[in-house]
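Okay, here's what each chain looks like letter by letter:
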Amino acid sequence: MKHAGAVGLLALLLIMVVLVATGTGAMHIPPLQVLAILLQKAGITLPVSYDSSTAAVLLVIRLPRVVLAVLIGAGLSMAGAALQGLFRNPMADPGLIGISSGASVGAVLIIVFQASLPLWLNTGWVHYYAMNIAAFCGAFIAAWLIIRIAHTSNGAIVSMMLLGGIALNALCMSFTWLMAYVSTNEQMRSIIFWTMGSLGGATWQTVLAVTPFIVLPLLLLPRLAGALDVFALGENEAKHTGVNVSALKMKLLLLSTMVVAASVAVAGVIGFVGLVIPHIVRQFTGPSYRLLFPCAALSGAILLTVADLFSRTIAAPAELPVGIITAMLGAPFFIWLILKEKRSLLL
Amino acid sequence: MMLDVQELSLSLGGHRILHQVSFQAKAGECCVIMGANGAGKSTLLKVLAGEYPHYTGSVLLGGNPLRELTTAEQARQRAVLSQRIQLHLPFTVSELVKMGRYVYGEKETVDKAIVDYAMHTLQVYELRDRAWTTLSGGQQQRVHMARVLAQLLEAPQLDGGVDGKILLLDEPVTGMDIRHQQLALQLAAELAEHGVLVVAVLHDFHLAAAWADRIFMLHKGSIYAAGTTEVVLTAANIRHCFDIDVQVLEHPACDHPIIMTLNHTHLSKKITENGSNYFSA
């Protein structure tokens with residue numbers, strides 16, 4: 001009951017946020033009109049009148065961007081929760097432990113060597129899929145390295161995990177800047193903009209390019225909730241209880257890097273969503289993943305939609321990359337987490 | 001035979017921990033593994049729990065080689081209570097006990113009845129909504145025992161389909177008060193009456209003597225003595241394996257031998273000797 005209530009409430013909130021965010025911008029569209037236009041697409045006619053140009057702005061410009069924010073917000077936050085379960089530590093975050101920068105190395109390689117790739121790889125959705133796959137390879141290698149560095153059978157050693165993350169981030173950043181150094185001016189601008197993390201490039205094409213890589217983990221990760229709960233007891237206890245531990249770890253790793261890589265490929269590095277959201281949600285839902293996963297996904301979607309709304313309205317007509325906003329909110333939160341950890345160590 | 005171990009040997013990090021261990025145990029027995037620190041008790045239990053699959057020799061669980069059973073098959077047949085469980089998340093008591101049902105999939109109504117029954121049995125039902133992190137060490141141990149009981153049972157009663165299952169306990173009563181120690185071992189004995197093979201590592205001679213059908217005494221990775229309490233718990237065996245002097249007494253109010261440690265002159269002399277050797281060296 002508590003389960004259905006919390007999920008329903010968050011879903012309702014998400015719908016409201018989406019209606020407001022889609023309507024806000026240079027051309028204001030009231031939420032009722034937004035609803036009418038969207039439902040019209042689904043074949044339901046509401047007695048609300050609107051211009052066809054309003055509908056075009058909404059469907060072509062606003063909606064893909066909001067949908068992308070919802071997908072990436074939900075995906076990153078669930079990937080963060082999954083990684084925290086995998087490392088059995090609440091400080092694991094795809095950005096902090098180097099998975100996002102691993103993905104960015106893969107994606108930057110595609111940006112810079114675009115010209116030397118065969119033509120069929122550079123057209124339309126194939127290009128985005130190539131970016132996705134390159135980012136996935138980079139992210140997976142980084143995730144595998146961080147596991148080798150930090151993992152023990154009693155869970156990750158948190159200092160090793162974070163130090164390993166610093167090292168991996170430094171290594172990946174040096175690669176990224178090396179690529180930027182040899183790139184053309186135009187490529188340089190796109191690399192820099194994209195390192196900051198932005199949803200500015202959203203079109204229906206980018207949405208379609210990431211949808212499978214984010215929706216699949218969003219559907220599959222909740223099915224691991226029971227096993228992840230038992231996994232909190234420790235690897236050996238989980239085995240005794242009947243969890244196939246090595247399969248579980250591999251699934252978690254694959255699914256969460258898939259999400260991170262897809263979102264990095266289209267929106268760059270949007271940090272801290274995967275750290276902050278699961279942490280806050282856990283305060284309300286308790287540690288069980290059965291409730292944490294759906295609530296974290298919905299909350300992540302809400303947060304990123306709102307953050308992106310700010311990013312494109314706060315300095316309009318200019319645009320602030322959304323990664324800057326999430327980092328400004330997330331980094332102080334991370335410091336607060338460290339202080340909390342310090343207090344618990346001193347007790 | 002529920003459990004058939006033949007010539008089991010195991011090395012960890014180049015050290016030989018277990019050497020040519022052989023024993024058999026049948027359904028309904030309470031077996032105790034004893035021995036000094038480092039004798040290999042916990043390691044033996046961990047091999048039976050499937051944690052070290054690189055052993056040599058053979059381990060048969062209900063006639064099947066342990067290595068060939070999947071994790072889920074093992075979990076349906078055998079539950080394990082480990083010594084130290086590190087958990088820093090505030091799961092509630094009932095959530096934790098329910099984890100024992102993992103291998104059976106989601107069957108809400110049966111699960112809830114079994115989980116409630118297990119919590120009542122270990123007297124933690126009143127704590128069911130408390131966060132794990134707020135419990136005392138002994139309470140936490142009882143919650144884990146309830147979780148393990150929930151994994152064994154197939155119905156909310158002790159005779160519910162537990163026949164032929166195996167329960168492994170590694171120092172199960174550490175940290176519990178004396179009443180709950182009795183309660184926990186009593187429960188294990190009742191499970192044995194319903195056909196569970198219980199194998200426990202115990203340190204306490206009195207608990208072992210009162211509870212065990214058979215005792216295996218390990219010394220340096222091998223079984224030094226095996227058999228009933230009277231056969232194994234002799235002054236000579238204890239002196240050989242633990243290097244202390246004891247006297248084995250009988251008391252009319254007690255149907256098992258009482259092990260009494262003698263004054264520790266032997267031990268303290270030894271400490272002094274070692275000390276002086278150390279300083280003169």
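Residues numbered from 1 in each chain as written. Chains lettered and ligands numbered in written order. Predicted model: local features only at pLDDT ≥ 70, side-chain atom pairs only at ≥ 80, totals over all residues. Heavy atoms only, no water.

Under an unreviewed UniProt entry, the name given to chain B is Iron complex transport system ATP-binding protein, and the organism recorded is Chitinophaga arvensicola. The UniProt entry for chain B carries the following comment under Function (unreviewed entry): "Part of the ABC transporter complex HmuTUV involved in hemin import. Responsible for energy coupling to the transport system." (UniProt positions renumbered as here; feature names shortened; annotations may be inferred.)

The name given to chain A in an unreviewed UniProt entry is Iron complex transport system permease protein, and the organism recorded there is Chitinophaga arvensicola. One UniProt comment on chain A, placed under Sequence similarities (unreviewed entry), says "Belongs to the binding-protein-dependent transport system permease family. FecCD subfamily." The Subcellular location (unreviewed entry) comment attached to chain A in UniProt states, word for word, "Cell membrane".

1. Let's talk about the overall build of chain A
A count of helical and extended segments in chain A gives 14 helices and 2 strands. Its C-alpha atoms give chain A a radius of gyration of 20 Å, near enough to 20 Å, the size a compact globule of 347 residues would have. Across its three principal axes, chain A shows a C-alpha extent of roughly 60 × 55 × 35 Å. Considering chain A as a whole, with its 347 residues, one finds that 53% of them fall into the buried category. When the accessible area of chain A is evaluated, it comes to approximately 15,300 Å², of which 74% is carbon and sulfur surface. (Helix = DSSP H or I, 4+ residues; strand = E, 2+ residues; numbered from the N terminus. Rg over C-alpha atoms; globule rule 2.2 N^0.38 Å. Buried < 20%, exposed > 50% of the residue type's maximum accessible area, 1.4 Å probe, protein only. Areas by Shrake-Rupley, 256 points an atom, 1.4 Å probe, with all protein chains shown as cover.)

2. Examining the UniProt feature "transmembrane region" (unreviewed entry) in chain A
Residues and elements named next belong to chain A. When the UniProt feature table is mapped onto this chain, "transmembrane region" (unreviewed entry) is found at residues 60-83, 95-120, 126-147, 159-182, 202-221, 252-277, 289-310 and 322-339. Note that residues 202-221 is 85% helix and 0% strand, and that its end C-alpha atoms are spaced 25 Å apart. The span residues 252-277 is 81% helical and 0% strand by assignment, and the distance between its end C-alpha atoms comes to 18 Å.

3. Let's talk about the pairing of strand β2 (residues 15-25) of chain B
The sheet contact formed by strand β1 (residues 3-12) of chain B and β2(B) spans 7 bridges and is antiparallel. Residue pairing across strands places B:Leu3 opposite B:Ala25, the latter belonging to β2(B). (Pairing = 2+ DSSP bridges.)

4. Topic: the interface of chain A and chain B
Taken together, the 19 residues of chain A in the interface contact 24 residues of chain B. Together, the buried faces of chain A and chain B total about 1,800 Å²; carbon and sulfur atoms form 60% of this surface. Connecting chain A to chain B are 0 salt bridges. Applying the counting rule to chain A against chain B returns 4 residue pairs in polar contact (both at pLDDT 80 or more). Those elements that place two or more of their residues in the side of chain A that touches chain B are α9 (225-231) and α10 (235-241) of chain A. No other element matches α10(A), which puts 5 residues into the side of chain A that touches chain B. Its residues placed into classes, the side of chain A that touches chain B shows 6 nonpolar, 8 polar and 5 charged. (Contact = heavy atoms within 4.5 Å. Buried area = accessible area lost by both parts, 1.4 Å probe. Salt bridge = Lys/Arg side-chain N within 4 Å of Asp/Glu carboxyl O. Polar contact = N/O pair within 3.5 Å; in protein donor to acceptor, adjacent residues only side chain to side chain. Nonpolar A, V, L, I, M, F, W, Y, C, P; charged D, E, K, R; others polar.)

5. Notes on helix α6 (residues 158-182) of chain A
Taking 1.5 Å as the rise per residue, α6(A) with 25 residues should run 36 Å; its terminal C-alpha atoms sit 36 Å apart, in good agreement. Regarding α6(A), the residues found buried are A:Met161, A:Gly164, A:Gly165, A:Leu168, A:Cys172, A:Thr176, A:Met179 and A:Ala180. (Expected span 1.5 Å × (residues − 1).)

6. Points about the pattern of salt bridges
All names here are of chain A. Scanning all chains against the criterion turns up 9 salt bridges over all chains. Between Asp308 and Arg65 there is a salt bridge, with its nearest N and O atoms 2.9 Å apart. Placement of Asp308 in helix α13 (residues 289-313) and of Arg65 in helix α3 (residues 52-87) is noted, with a sequence separation of 243 residues between them. Asp308 gets classed as buried once you look at its relative accessible area, which sits at 2%. The class of Arg65 is buried, set by a relative accessible area of 9%. Across the salt bridge formed by Glu235 and Lys249, the nearest N and O atoms sit 3.0 Å from each other. You can see Glu235 sitting in helix α10 and its partner Lys249 sitting in helix α11 (residues 245-267), a full 14 residues away along the chain. One network of salt bridges, with partners in common, ties together Arg65, Asp308, Arg312 and Glu319.

7. Quick word on the environment of B:Val162
Residues and elements named next belong to chain B. Within the secondary structure, Val162 sits in the loop between α5 (137-152) and β7 (166-170). It is 9.6 Å that separates the C-alpha atoms of Val162 and Leu197, two residues lying 35 residues apart in sequence. Discounting chain neighbours no more than four positions away, the residues touching Val162 are Leu152, Leu153, His194, Gly195 and Val196.

8. A look at a nonpolar patch on the surface
Residue and element names in this part refer to chain A. A cluster of nonpolar side chains, namely Ile141, Trp144, Leu145, Ile149, Ile157, Met160, Leu163 and Ile166, defines an oily patch on the protein surface of about 740 Å² accessible area. Where the nonpolar patch is concerned, the elements lending two or more residues are α5 (124-150) and α6. Ranked by residues supplied to the nonpolar patch, first place goes to α5 with 4 residues. Counting through the fold element by element, Met160 comes out in helix α6. (Patch = residues over 30% accessible without salt bridge, like charges linked within 9 Å, V, L, I, M, F, W, Y side chains within 5 Å.)

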